[in-house]
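# Structure at a glance
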Amino acid sequence: MSLQGSGFAGFANPVDPSPAELRAWAHDPGSVPLDQLPPDWDLLVTGDHLVATLFDLAMDPTCPARRFALHCLYIYAADSIRTKFRAHSKRKLMKMLDRAESDGDEQLLFWAHNSRALQARPELFDYHDWCEGGLVRRHRRIG
């Protein structure tokens, strides 16, 4: 059974969605508009529990919520790097960057490049770009 086209019935707990709920919502984001979700929902879902799901959604060019997933990957990378990998595993981030570089399209390549640039030069961090979607809305390489 495909989640695409099946409609999304809602979150049991929007503050802590399951990977299946997030995936179902991403394929029908109009079912629960972002402005009806808790404040800073992007920050709430951007953690180790859902990052693999977010990565898969960002890798899917047909996903209606792909930009949201990519935005969350920028948050995850910045949080990882800026905390010197205390917040998230360096190994996990590096595996996603490697996969983005080998299998991703231009948007994922920019994310990987920008994440590696931030790791090399932490002063490149700009809150608007990394946490408010600036690098998703205006794709560019930094550094």
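This text gives an overview of the structure that appears in the document. Note that the coordinates shown come from a computational prediction; the quantities given were computed from them, not determined experimentally.

This brings us to the nonpolar core. Grouped together as the largest cluster of nonpolar side chains are 47 residues, with contacts concentrated most on Trp 25, Leu 73, Leu 93, Leu 108, Trp 111 and Trp 130. Going through the elements one at a time, α1 (19-26), α2 (41-45), α3 (51-59), α4 (66-82), α5 (90-103), α6 (106-120), α7 (127-131) and α8 (134-137) are the ones with two or more residues in this core. With ten residues, α4 is the largest single contributor of residues to this core. If we skip the residues at most four places from it in the chain, Leu 108 touches Phe 55, Ala 58, Met 59, Arg 66, Leu 70, Leu 73 and Ala 100.

Two side chains with opposite charge may pair up if their charged atoms get near one another. Summed over the entire model, instances satisfying the criterion amount to nine salt bridges. Among the ionic pairs, Asp 56 bridges to Arg 99, the shortest N-O distance being 3.5 Å. Linking Asp 56 in helix α3 with Arg 99 in helix α5, this pair joins segments that are 43 residues apart in sequence. Residue Asp 56 is classed as partly exposed on the basis of its relative accessible area of 35%. A relative accessible area of 36% means that Arg 99 is categorised as partly exposed.

Within α3, seven of the nine residues are buried, which leaves it mostly tucked inside the rest of the structure. Considered for burial, the residues of α3 that qualify are Val 51, Thr 53, Leu 54, Phe 55, Leu 57, Ala 58 and Met 59.

Attention shifts here to the packing of aromatic side chains. Counted under the stated rule, the structure contains seven aromatic pairs. An angle of 80° between the planes, with centres 5.4 Å apart, marks the rings of Trp 25 and Phe 68 as edge-to-face. Placement of Trp 25 in helix α1 and of Phe 68 in helix α4 is noted, with a sequence separation of 43 residues between them. Connected via pairs of aromatic rings, a cluster forms that spans Phe 8, Phe 11, Trp 25, Trp 41 and Phe 68. Geometry around Phe 125 places Arg 82 over its ring, the cationic atom sitting 3.8 Å from the centre.

Between α1 and α3, the least distance of the axes is 9 Å, while the angle of their chain directions is 25°. Considering their axes alone, α1 and α3 lie roughly parallel with respect to each other. Our pair here, α1 against α3, has a crossing hand that is right-handed. Where α1 abuts α3, its residues Pro 19, Leu 22, Arg 23 and Ala 26 lie against Thr 53, Leu 54, Asp 56 and Leu 57. Taken together, the residues that form the contact of α1 with α3 break down as five nonpolar, one polar and two charged.

Rules and cut-offs
- Residues numbered from 1 in each chain as written.
- Predicted model: local features only at pLDDT ≥ 70, side-chain atom pairs only at ≥ 80, totals over all residues.
- Heavy atoms only, no water.
- Core = buried A, V, L, I, M, F, W, Y, C linked by side-chain atoms within 4.5 Å.
- Buried < 20%, exposed > 50% of the residue type's maximum accessible area, 1.4 Å probe, protein only.
- Helix = DSSP H or I, 4+ residues; strand = E, 2+ residues; numbered from the N terminus.
- Contact = heavy atoms within 4.5 Å.
- Salt bridge = Lys/Arg side-chain N within 4 Å of Asp/Glu carboxyl O.
- Phe/Tyr/Trp six-rings, centres within 6.5 Å; stacked < 30°, edge-to-face > 60°.
- Lys NZ or Arg CZ within 6 Å of the ring centre and 35° of its normal.
- Axes fitted to C-alpha atoms, helices over the stretch in contact; angles between N-to-C directions.
- Parallel < 35°, antiparallel > 145°, perpendicular 65-115°, else oblique.
- Left-handed = near helix turned anticlockwise from the far one by under 90°.
- Nonpolar A, V, L, I, M, F, W, Y, C, P; charged D, E, K, R; others polar.

Read these as spatial facts, not as claims about activity.
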